[in-house]
Each structure stands twice: as structure tokens, then as C-alpha cells.
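Observations on the model geometry
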Amino acid sequence: MELSKRLSLIVDHIEECDTLVDVGTDHGYIPIYAVKNGICKNAIASDINKDPLDKAKLNSIFEGVDENIDTRLGGGLETIKLGEAQVAIIAGMGGNLIRDILEADKDKVKELEFMVLQPAQNPEVLREYLYTNGYEVIAEDLCIDEDKYYELFKVKAKVGEETELDPIYYEISPKLLRDRHPLMGEYIEAKKEKYEKILSFIEDDTESALNRKKELEEKIAILTNLENYCN
Ligand SMILES: C[S@@+](CC[C@H](N)C(=O)[O-])C[C@H]1O[C@@H](n2cnc3c(N)ncnc32)[C@H](O)[C@@H]1O
């Protein structure tokens with residue numbers, strides 16, 4: 001079984017553990033890969049919908065690891081008991097939904113050794129939540145898969161230190177900038193192009209349109225500076 005670039009990035013950030021839970025598992029590729037490759041002994045493949053779970057079950061049988069993978073139906077982390085897993089993976093959902101899943105089960109989140117989170121949209125929402133709610137950000141990473149960028153957060157819940165940043169740094173990771181991640185320059189360029197496109201569509205001269213224009217122009221100017229920093 002070969003993983004996509006996006007899923008490979010996730011497994012690259014998982015350390016050996018006893019039990020891993022994959023929330024929103026769908027096809028079950030992460031738990032299957034983790035068990036097959038000795039990253040974990042057992043895995044819980046969890047999903048809010050039955051059809052994906054059936055798919056995960058079938059895939060685990062095909063790959064010969066069904067005895068070590070428990071499929072569980074339910075939302076977020078409600079399918080696991082407190083302390084049952086050491087590692088949680090939550091990927092392929094929006095940043096808002098991942099934030100809500102963490103917020104709904106703080107006690108279980110605190111018991112995890114770490115989590116690997118990879119939002120499919122709105123990573124900035126998740127970054128703001130993690131930074132301002134005292135999470136320890138162990139690592140951040142970025143990949144491009146089929147022309148789409150994916151950000152990744154490896155985090156641990158801890159008591160204390162909340163970090164508030166200028167909003168632009170929830171969009172552009174200060175950690176990835178500092179590390180001079182090789183994809184950062186093109187990632188910023190792609191964001192800039194998106195804002196320039198939105199700007200080009202604004203033709204009204206109402207107060208709110210002019211404010212939006214100003215906001216976008218300021219954002220584009222900051223992104224240009226950050227892009228220069230990467231080069
Ligand atoms: C796009 S798939 C992502 C699959 C896989 N995690 C990946 O990254 O390739 C999203 C999966 O999340 C499940 N899902 C959506 N909301 C959920 C929730 N609140 N709790 C658990 N699973 C959820 C969906 O049923 C779907 O199977």
C-alpha cells in the first residue's frame with residue numbers, strides 16, 4: 001500500500017506507540033500503515049459515518065492487519081476512553097472542525113502524548129486555536145499534494161503559555177518561516193495570488209468595499225515582505 005504525499009507527511013511525524021487513534025479515518029490508510037510498519041501495536045480507526053468505517057475494515061482485512069485495528073463509529077474523540085490511546089491523528093477535515101473536536105474532549109486530549117493534525121482547509125483557524133490555548137507546538141510542516149498545500153501540526157496539550165500573534169502569522173507559520181521551510185516561498189506566493197485575484201474583483205466604491213480593498217492591499221504588502229525573507 002503506497003501512501004499519498006500528504007499521508008506520508010503524517011506518518012513521518014508519528015513516533016512508535018502502543019495505541020493510535022485515527023479520527024475521521026475514512027479509508028483507514030493511516031492505521032493500516034502504522035500497524036503494518038510497526039509504528040503502533042494497535043490502532044483505533046474511528047469515523048462518524050458507517051460507510052467509511054466499512055471501507056476501513058475491508059482495507060484492513062485485505063492488508064492482513066484487521067486483528068490489530070478496531071473500527072469505531074462516532075464523532076471526534078468520543079469513541080475512545082480516557083488514556084486509551086497515546087497518539088491521535090486528525091486529518092482531512094477543516095481547521096474549524098478539528099478545533100471543535102479538540103475543544104469537545106479536552107480531558108482526553110490532555111492524556112495524549114501528542115497529536116498530528118492536518119487540516120484540509122482553514123489551517124489558520126486551527127493555528128490560532130492551538131497558539132492561543134497553550135498547546136505545545138512540537139513541529140509544523142508543509143507539503144504540496146496534487147497542486148494543493150497542506151499544513152501539519154504536531155502538538156501536545158499543556159497547561160499555560162498562550163501565544164497571541166499578529167493575525168497574518170496564523171496564516172503564515174512563524175515556525176516554518178524561521179525554519180526556512182523549502183516550500184514557504186511558493187506557499188506565500190500562492191496566498192498572495194489568491195488575494196490579488198479577490199482584489200481584482202472588487203469594483204464597488206462603497207465604504208465596506210474600500211475597507212476590504214485596503215485590508216487586502218495591506219495583506220499583500222506584508223506577504224511580499226515575507227516572501228522576500230524566504231528568498
Ligand atoms: C476527507 S475524509 C479524510 C480521511 C483521512 N483522515 C485523510 O486525511 O485522508 C474525512 C472523514 O472524516 C469523517 N468525519 C467528518 N466529521 C467527523 C467527526 N466529527 N468525527 C469523526 N469523523 C468525522 C468523514 O466521515 C470522513 O470519512
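Residues numbered from 1 in each chain as written. Predicted model: local features only at pLDDT ≥ 70, side-chain atom pairs only at ≥ 80, totals over all residues. Heavy atoms only, no water.

Under an unreviewed UniProt entry, the name given to the protein chain is Class I SAM-dependent methyltransferase, and the source organism is Clostridium sardiniense.

A closer look at the overall build of the protein chain
The test is simple: Each helix is a run of DSSP H or I of at least 4 residues and each strand a run of E of at least 2, with the numbering of both proceeding from the N terminus. Throughout, radius of gyration means the C-alpha value; the globule benchmark is 2.2 Å times the number of residues raised to the power 0.38. For each residue, the accessible area found with a 1.4 Å probe, counting protein chains only, is set against the maximum for its type, and the residue is called buried under 20%, exposed over 50%, and partly exposed in between. Whether two residues touch is decided by their heavy atoms; if any such pair falls within 4.5 Å, the residues are in contact.
The number of helices and strands found in the protein chain is 10 helices and seven strands. Over its C-alpha trace the protein chain gives a radius of gyration of 19 Å, about what one expects of a compact globule, namely 17 Å for 231 residues. The proportion of buried residues among the 231 residues of the protein chain is 50%. Restricting the contact set of the protein chain to residue pairs at least 6 apart, pairs at least 24 apart contribute 68%.

Points about the pattern of salt bridges
Between side chains of opposite charge, pairing is possible as soon as their charged atoms come close. Rules: Salt bridges, as used here, are contacts in which a Lys or Arg side-chain nitrogen is within 4 Å of a carboxyl oxygen on Asp or Glu.
Tallied over the full model, the rule gives 17 salt bridges. Its salt-bridge partner being R72, residue D70 comes within 3.0 Å of it at the nearest N-O pair. Given the relative accessible area of 36%, D70 is considered partly exposed. Across the pair R99 and D100 runs a salt bridge whose closest N-O atoms are separated by 3.1 Å. Classification of R99 as partly exposed rests on a relative accessible area of 26%. Salt bridges sharing common partners tie together D70, R72 and E84.

Examining the side chain of K108
Position of K108 relative to the elements: it lies in helix α5 (residues 106-111). The exposure class of K108 is buried, given its relative accessible area of 15%.

Brief notes about the site of the ligand
Worth spelling out the cut-off: A cutoff of 4 Å decides nearness: a residue is near a molecule or strand if any of its heavy atoms lies inside that distance of it. Polar contacts, as used here, are pairs of N or O atoms within 3.5 Å; protein pairs need one atom able to donate a hydrogen and one able to accept it. Residues neighboring in sequence count only if both atoms are side-chain atoms. Under this grouping Gly is polar, as are all residues other than the nonpolar Ala, Val, Leu, Ile, Met, Phe, Trp, Tyr, Cys and Pro and the charged Asp, Glu, Lys and Arg.
The immediate surroundings of the ligand are formed by 19 residues, with R6, G24, D47, N49 and G76 found nearest. Between the ligand and D47 there is a distance of 2.6 Å, counted from an oxygen atom to a side-chain nitrogen or oxygen. Between A91 and the ligand, the recorded distance is 2.9 Å, taken from a backbone N or O atom to a nitrogen atom. Counting only elements with at least two residues in the shell around the ligand, the list comes to α1 (5-12) and α4 (95-104). A breakdown of the residues in the shell around the ligand according to their chemical character gives eight nonpolar, eight polar and three charged.

A few points about the UniProt feature "coiled-coil region" (unreviewed entry) in the protein chain
Going by this rule: UniProt positions are given in the numbering used here, feature names are shortened, and annotations may be inferred rather than shown by experiment.
Following the UniProt record, one finds the feature "coiled-coil region" (unreviewed entry) at residues 199-226. For residues 199-226, the end-to-end C-alpha separation is 19 Å, with 82% helix and 0% strand making up the annotated structure.

Some words on a nonpolar patch on the surface
Our working rule: Patches in this entry comprise residues that are over 30% relatively accessible and not in a salt bridge; like charges within 9 Å are linked, as are nonpolar side chains (Val, Leu, Ile, Met, Phe, Trp, Tyr) within 5 Å. Here, Shrake-Rupley sampling with a 1.4 Å probe gives the accessible areas, and only protein chains in the shown set may cover a residue.
Taken together, the side chains of L58, I61 and F62 make up a nonpolar region of the molecular surface, amounting to roughly 330 Å² of accessible area. Looking at where L58 falls in the secondary structure, it is placed in helix α3 (residues 50-62). Looking at L58, the relative accessible area reads 46%, which means it is partly exposed.

Some details on the environment of L20
Note on placement: L20 falls in strand β1 (residues 17-23). What makes L20 buried here is its relative accessible area of 0%. The spacing of L20 and I39 is 19 residues in sequence and 9.1 Å in space, taken between C-alpha atoms.

Some words on the pairing of β1
The cut-off we apply is this: Only when DSSP finds a minimum of two bridges between them are two strands counted as paired. Looking down the strands as they point away from the viewer, one classifies a crossover as right-handed if the path from the first strand across the helix to the second runs clockwise.
Burial runs high along β1: six of the seven residues are buried. Pairing between β1 and strand β2 (residues 40-47): six bridges, direction parallel. When the bridges of β2 are listed, V23 appears paired with S46. For the crossover that starts at β1, traverses helix α2 (residues 29-36) and ends in the parallel β2, the hand is right-handed. Bridging between β1 and strand β4 (residues 87-91) involves four bridges; their strand directions are parallel.

Looking at the environment of P182
Secondary-structure assignment places P182 in the loop between α8 (174-178) and α9 (184-201). Considered as a pair, P182 and N211 are 29 residues apart in the sequence and their alpha carbons are 34 Å apart.

Considerations on the packing of aromatic side chains
Selection criterion: Geometry of aromatic contacts follows a simple scheme: Phe, Tyr and Trp rings, the Trp one being its six-membered ring, pair when their centres are within 6.5 Å, and the pair is stacked under 30 degrees between planes, edge-to-face over 60, tilted otherwise. To sit over a ring, a charge needs its Lys NZ or Arg CZ within 6 Å of the ring centre and within 35 degrees of the ring normal.
Overall, the coordinates contain two aromatic pairs when judged by the stated rule. Each ring, one from Y129 and one from Y135, has its centre 5.8 Å from the other, and the planes form 50 degrees; the classification is tilted. Assessed through its relative accessible area of 8%, Y129 is described here as buried. Y135 sits in the buried class, given a relative accessible area of 10%. Above the face of the Y229 ring, R180 is positioned so that its terminal group lies 4.4 Å from the ring centre.

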